[in-house]
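Close look at the chain arrangement
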Amino acid sequence: MYRSNVLVCGGTGCTSSHSLLIAEKLKEELKEKGLDKEVNVITTGCFGLCALGPIMVVYPEGSFYSMVKIEDVPEIVEEHLNKGRIVTRLLYQETVEEDTIKSLNKTAFYEKQERVALRNCGLIDPEKIDDYIANDGYAALGKVLTEMTPEEVIQTMLDSGLRGRGGAGFPTGLKWKFAAGNDADQKYVCCNADEGDPGAFMDRSVLEGDPHVVLEAMAIAGYAIGASQGYIYVRAEYPIAVKRLQIAIDQAHEYGLLGEDIFGTGFNFDIKLRLGAGAFVCGEETALMTSIEGRRGEPRPRPPFPAVKGLYKKPTILNNVETYANIPQIILKGADWFASMGTEKSKGTKVFALGGKINHTGLVEVPMGTTLRTIVEEIGGGIPNGKKFKAAQTGGPSGGCIPVEHLDVPIDYDNLLAIGSMMGSGGLIVMDEDNCMVDIAKFFLEFTVDESCGKCTPCRIGTKRLLEMLNMITDGKGTLEMLDEMEELCNYIKANSLCGLGQTAPNPVLSTLKYFKDEYIAHVVDHKCPAGVCKNLLEYSIIKDKCYGCGMCAKKCPVGAISVTGYTAPGKKKPAYEIDPNKCAKCGVCIDTCKFKAIIKG
Amino acid sequence: MLKKISSLPFQGTPAQEAKLKEVILKYQDDPGAVMPVLQEAQDIYGYLPLEVQTMIAEGLGVPLDEVYGVATFYSQFALTPKGKYHISVCLGTACYVKGSGDVLNKLSEELGIEAEECTADTKFSLTACRCIGACGLAPVITINDDVYGRLTADEVPGILKKYKEAE
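Residues numbered from 1 in each chain as written. Chains lettered and ligands numbered in written order. Predicted model: local features only at pLDDT ≥ 70, side-chain atom pairs only at ≥ 80, totals over all residues.

**Some details on the overall build of chain A**
Quick note on the threshold: Here a strand is any run of E in DSSP of at least two residues, a helix any run of H or I of at least four, and the numbering for each starts at the N terminus. In this description, any two residues whose backbone-derived C-beta atoms lie within 7 Å of each other are considered to be in contact.
Looking only at helices and strands, one finds 24 helices and 18 strands in chain A. Principal-axis analysis of the C-alpha atoms gives chain A an extent of 95 × 65 × 40 Å. Across chain A, the fraction of contacts at a sequence separation of at least 24, relative to all contacts at a separation of at least 6, is 72%.

See below:
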């Protein structure tokens with residue numbers, strides 16, 4: 001027994017700010033002070049509050065140290081772990097009240113959260129199967145194998161109302177039912193861990209913080225549909241996740257929780273890892289299966305659906321990491337418990353990766369039906385530097401931008417679709433008044449053009465043409481007619497593309513056209529970018545009456561666009577300078593150079 | 001992104017080949033072997049020259065065009081090696097108008113390679129990149145983590161000399 005447990009976050013965010021070195025230093029210091037038998041150091045998965053990393057929590061007190069530095073470690077060990085005096089100065093300041101220390105769960109960031117999929121992240125050591133088992137791990141698999149028939153398992157999934165967390169929100173139970181109903185000598189269970197949306201990282205956090213939950217859920221799925229082989233398709237760009245998954249698979253084998261005759265019930269199930277090689281389209285189910293088969297990850301037409309002919313032409317189910325992370329809890333606590341959370345048609349919770357112009361960047365899990373306002377203003381802590389909220393982008397390159405007038409819409413699958421966005425995998429990027437919406441649409445289109453696999457024409461050529469039009473608009477060469485043409489093209493691409501990538505690629509354009517048409521009009525009619533982002537529409541100029549004539553800007557200008565004039569402002573000794581707009585490359589160096597704020601862009 | 005096939009002569013060693021054969025053997029019976037084998041082959045050779053792709057195709061008994069198709073589809077696979085010193089030339093507007101095109105040409109001439117290629121001794125590779133945001137230093141190149149600004153084409157040989165002599 002240890003008297004104190006110190007949890008150090010070993011997720012990707014904190015690891016990149018050297019949390020593992022902090023854990024090492026901690027162990028070293030404890031050993032030196034002879035405390036290593038009393039104080040336990042555990043490297044956990046992601047806590048979610050990545051903006052405050054590296055993170056360290058000391059139990060039983062629950063003291064939450066944020067932005068810990070290596071130099072802080074000796075002090076924490078000596079004062080807190082040795083003498084029992086919490087180092088208030090280093091705590092996350094929101095937990096510090098006048099004379100008491102607030103529990104982490106009572107802070108604005110955590111209080112409104114409901115952790116189901118992330119329940120073990122930041123709590124257990126992901127590299128130790130015993131930690132997982134101590135937290136009810138593999139109990140659901142045991143229950144399923146010894147007490148339930150496959151039909152009962154599928155019925156539980158149907159009753160729970162769980163829908164796919166990877167994007168489209170298809171009911172998980174229904175998917176399993178279809179696959180179970182198709183007889184075949186071999187079936188497969190696949191896991192989509194090829195999280196590719198820019199800005200989404202919840203799957204990575206589950207894989208890094210609680211890898212066994214995915215293995216357990218896949219085995220449950222295997223039992224339900226009659227499959228004995230599973231594949232996890234994980235991005236090669238997630239080295240920590242890959243490593244921990246492999247450790248988890250090996251440990252599960254060792255404990256007889258994967259392999260042959262699991263729990264002595266005669267049920268066999270094994271899981272192989274397959275590494276993705278950097279292709280966004282492989283998040284699409286048929287493309288992912290083609291890729292596991294070792295071929296170019298191009299989607300195939302559906303039908304036949306994977307439940308009929310999937311991997312190696314056998315019945316296959318594919319679920320996303322977050323979907324799997326919910327399943328053992330549903331089995332243990334019951335479908336009713338799960339269905340009691342959320343809205344009428346979207347049950348349970350959803351994890352969002354909060355990013356962009358927001359104070360608390362990180363991972364939050366909230367019940368379905370929570371409003372965007374709660375997420376952005378309360379949990380996310382609002383927008384930095386007193387700027388105004390302009391839009392939230394959900395669903396990555398497949399989603400859309402939600403304007404301020406929809407901040408109070410309860411978020412679920414159907415409501416997001418109704419306002420022109422989609423749940424997607426749960427990336428949530430907040431934008432403020434300094435973001436240009438045309439530029440955002442262009443950013444996502446550049447991404448889809450790059451990632452389009454090229455198999456079908458509407459997506460391959462359509463997105464390219466769309467991007468060309470967006471480029472013309474941001475270059476000031478757009479016309480009003482072009483906006484209509486763009487909308488028409490968007491609808492063609494949506495209607496005619498082969499897979500989800502193409503069918504949703506125009507969403508960023510359509511939603512910004514719908515909610516921020518005035519910005520498009522400013523670009524094409526006035527040739528201005530209201531947010532001051534689109535370089536080619538910007539003009540830099542010098543306010544001559546503010547110019548002291550020091551000439552620093554002219555010296556720094558890389559293209560020699562600044563020259564001296566004959567005008568000297570009242571009260572100044574030297575003549576003012578001016579910028580030749582025809583020569584200006586709009587790099588912005590002059591603004592940064594001018595000490596007198598005499599240069600403006602607009 | 002378009003991939004350029006390396007024109008460098010293949011310099012694989014027997015030791016590398018033996019390792020590759022082991023990998024091929026390990027995945028021999030796996031129906032989806034091409035990707036994992038390519039991934040491990042890239043770890044062995046650093047990139048995937050056509051010679052290696054041919055060995056994989058023959059070893060696994062799949063057509064070369066299938067292996068090539070996979071190697072060119074995924075962004076993780078490289079068909080040209082990256083040199084010990086990787087040179088990026090910024091072709092953003094500010095650098096371009098200050099003559100970064102000339103700098104690129106000079107580099108290309110000095111090294112005897114085009115952009116997106118690697119020298120025969122794998123010491124240098126060359127690429128053209130978009131604005132890196134150091135417009136005040138235009139024109140700019142980076143060599144690994146070192147940044148060189150306000151360059152002229154005449155300075156290129158001197159800079160390269162430093163790296164050529166370094167070990």
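**With respect to helix α7 (residues 150-160) of chain A**
Since the α-helix advances by 3.6 residues per turn, residues separated by three or four positions end up pointing in the same direction. All names here are of chain A. Stated formally: Burial in this document is a count-based property: other C-beta atoms within 10 Å of a residue's C-beta are tallied, and the residue is buried at 20 or more, exposed at 12 or fewer, or partly exposed in between, with C-beta positions derived from the backbone. Taking the helix axis as origin, the arc is that swept by the directions to the C-beta atoms.
Within the span of α7, buried status applies to Val-153, Ile-154, Thr-156, Met-157 and Ser-160. All buried residues of α7 fall inside an arc of 155° around its axis, so they share one side. Against α6 (139-147), α8 (172-180), α10 (211-225), α13 (321-333) and α14 (335-339) lie the buried residues of α7. Remark: Gly-161 follows α7 within two positions and exhibits a positive phi of approximately 75°.

**Section: the nonpolar core**
Quick note on the threshold: Residues enter a nonpolar core if they are buried, belong to Ala, Val, Leu, Ile, Met, Phe, Trp, Tyr or Cys, and are joined to the set through C-beta atoms within 7 Å.
With 187 residues, the main nonpolar core has Cys-190, Val-206, Val-214, Met-218, Ile-220 and Val-234 of chain A together with Leu-38 of chain B as its most contacted residues. With 11 residues, α10 of chain A is the largest single contributor of residues to this core. Setting aside residues no more than four positions away along its own chain, Val-234 of chain A makes contact with Ala-193, Asp-194, Leu-207, Ala-241, Val-242, Leu-245, Leu-273, Leu-275 and Gly-276 of chain A. Judged by nonpolar contacts, the second largest core, of 37 residues, contains Tyr-540, Ala-576 and Cys-590 of chain A together with Val-140 of chain B.

**A closer look at the sheet that holds strand β2 (residues 117-118) of chain B**
Residues and elements named next belong to chain B. So the rule is basically this: Two strands make a pair as long as DSSP finds a minimum of two bridges between them. To obtain an axis, a line is fitted to C-alpha atoms, over the contacting stretch when the element is a helix, and the angle between two such axes runs from 0 to 180 degrees between their N-to-C directions.
Strands sit in the order β2-β3-β1-β4-β5 across an open sheet of 5 strands; the sheet is mixed. Taken across any chain shown, the strands that pair with only one partner, and hence form the sheet edges, are β2 and β5 (146-148). Sheet analysis places strand β4 (residues 141-143) next to β5, joined by 3 bridges and oriented antiparallel. Paired with Thr-142 across the strands is Val-147, a residue of β5. In the packing of helix α6 (residues 100-111) onto the sheet, contacts are made with β1 (85-90), β3 (124-129) and β4, and the angle to β1 comes to roughly 150°.

**Quick notes on the domain arrangement of chain B**
Test applied: Note: domain ranges come from an automatic or database domain assignment.
For chain B, the domain assignment lists domain 1 (14-73) and domain 2 (85-165). Measuring from the centre of the C-alpha atoms in domain 1 of chain B to the corresponding centre in domain 2 of chain B gives 33 Å.

**Quick notes on the sheet that holds strand β14 (residues 427-432) of chain A**
All names here are of chain A. Pairing in this open sheet of 5 strands is mixed, and the strands run β11-β10-β14-β12-β13 from one edge to the other. Bordering the open sheet on either side are β11 (362-367) and β13 (400-403), each of which pairs with just one other strand. Strand after strand, the sheet turns through a mean of 30° between neighbouring axes, direction not considered.

**Overview of the domain arrangement of chain A**
Residues and elements named next belong to chain A. Note the following rule: Residue polarity is assigned by list, with Asp, Glu, Lys and Arg as charged and Ala, Val, Leu, Ile, Met, Phe, Trp, Tyr, Cys and Pro as nonpolar; anything else, Gly included, falls into the polar class.
Segmentation of chain A into domains returns domain 1 (4-105), domain 2 (129-338), domain 3 (349-432), domain 4 (437-524) and domain 5 (539-601). A separation of 22 Å is found between the C-alpha centroids of domain 3 and domain 4. Between domain 3 and domain 4, the contact holds 12 residues from the first and 15 residues from the second. In terms of residues, the side of domain 3 that touches domain 4 owes the most to one element, β13, which gives 3 residues. Its residues assigned to classes, the side of domain 3 that touches domain 4 shows 6 nonpolar, 6 polar and no charged.

**Topic: the confidence of the model for chain A**
Short version of the rule: Within a predicted model, pLDDT stands for the predictor's per-residue confidence, ranging from 0 to 100.
Residues with a pLDDT of 70 or more make up 100% of chain A, whose mean pLDDT is 93. Mean pLDDT across the elements of chain A ranges from a minimum in helix α1 (residues 12-16) of chain A, with 87, to a maximum in α10 of chain A, with 98.

**Here we look at the environment of Ser-6 of chain B**
All names here are of chain B. Structurally, Ser-6 can be placed in the segment before α1 (14-27). We classify Ser-6 as partly exposed; it has 19 C-beta atoms within 10 Å. Along the sequence, Ser-6 and Tyr-47 sit 41 residues apart, while their C-alpha atoms lie 9.6 Å from each other. Dropping the residues within four chain positions of it, Ser-6 is found in contact with Tyr-47, Pro-49, Leu-79, Thr-80, Pro-81 and Cys-118.

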